[in-house]
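Here's the letter readout for the chains.
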Amino acid sequence: MALQGPIPITFEQAFPHGCFLVGQVEQVKNFEASTNGKTVYAKDKTTGEPIWQVPVMDGDTTLKAGQKTVAVKILSATPPVAPPPISGLPIAPVEFTGMTVTPYVNPAGRLAYSYRATGMRPARPKQQAAPTGRETAA
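Everything numeric in this text was worked out from a predicted model, so none of it was measured. (Residues numbered from 1 in each chain as written. Predicted model: local features only at pLDDT ≥ 70, side-chain atom pairs only at ≥ 80, totals over all residues. Heavy atoms only, no water.)

Caption draft 1: View of the overall build of the protein chain. Along the protein chain, the regular secondary structure elements total two helices and nine strands. Along its sequence from the N terminus, the protein chain presents helices and strands in the succession β-α-β-β-β-α-β-β-β-β-β. For the protein chain, the C-alpha radius of gyration of 18 Å lies well beyond 14 Å, the compact-globule estimate for 138 residues. Across its three principal directions, the C-alpha atoms of the protein chain cover 70 × 45 × 30 Å. Within the protein chain, contacts between residues at least 6 apart in sequence are counted, and of these 60% link residues at least 24 apart. The average position of the 13 basic charges and that of the 9 acidic charges among the side chains of the protein chain differ by 4 Å. (Helix = DSSP H or I, 4+ residues; strand = E, 2+ residues; numbered from the N terminus. Rg over C-alpha atoms; globule rule 2.2 N^0.38 Å. Contact = heavy atoms within 4.5 Å. Lys, Arg positive; Asp, Glu negative; His and termini not counted. Charge placed at Lys NZ, Arg CZ, Asp CG, Glu CD.)

Caption draft 2: Representation of the pattern of salt bridges. Overall, the coordinates contain four salt bridges when judged by the stated rule. Note that D44 and R116 form a salt bridge whose closest N and O atoms lie 2.7 Å from each other. Here the residue D44 occupies a position in the loop between β3 (26-27) and β4 (51-58), and R116 occupies one in strand β8 (residues 111-117), the gap between them amounting to 72 residues. D44 sits in the buried class, given a relative accessible area of 12%. Its relative accessible area of 22% is what places R116 among the partly exposed residues. (Salt bridge = Lys/Arg side-chain N within 4 Å of Asp/Glu carboxyl O. Buried < 20%, exposed > 50% of the residue type's maximum accessible area, 1.4 Å probe, protein only.)

Caption draft 3: The nonpolar core, seen in detail. One finds F15, V54, V56, V72, F96 and M99 to be the most contacted residues of the largest nonpolar core, which totals 19 residues. Put simply, the parts of the chain that give this core at least two residues each are α1 (11-14), β2 (19-21), β4, β5 (69-75), β6 (92-97) and β8. Excluding its chain neighbours within four sequence positions, the residues that come into contact with F15 are V56, D58, V70, V72 and M99. (Core = buried A, V, L, I, M, F, W, Y, C linked by side-chain atoms within 4.5 Å.)

As structure tokens, this is what we get:
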């Protein structure tokens, strides 16, 4: 089989309408290895890097409320730095680098996706389409 493990994708493929950070960066706990007195944090099985998680809201306005917020896991030796929020709002436009997606079947029996990245940065301004010279005045 040609595809094995996480599938590489671009940020634009995962979030064509952009996305917004809506919570804090948190290190992912390994609940199986943790005990009452000792917290053990998760590490990526392939790279050994610590795993961090951030909640983001998809910028696609056609999504249902339950589909808008997803967690993106970031593999990084150091805590990822969240971009600053939009002035006066609790959200920050964000982009991810080195993205992969892993499809899986959730406990409800539905297809779901796990997103991972190797980095996070402030969202870049969208590029305006270049004029084609075919525009007409109204």
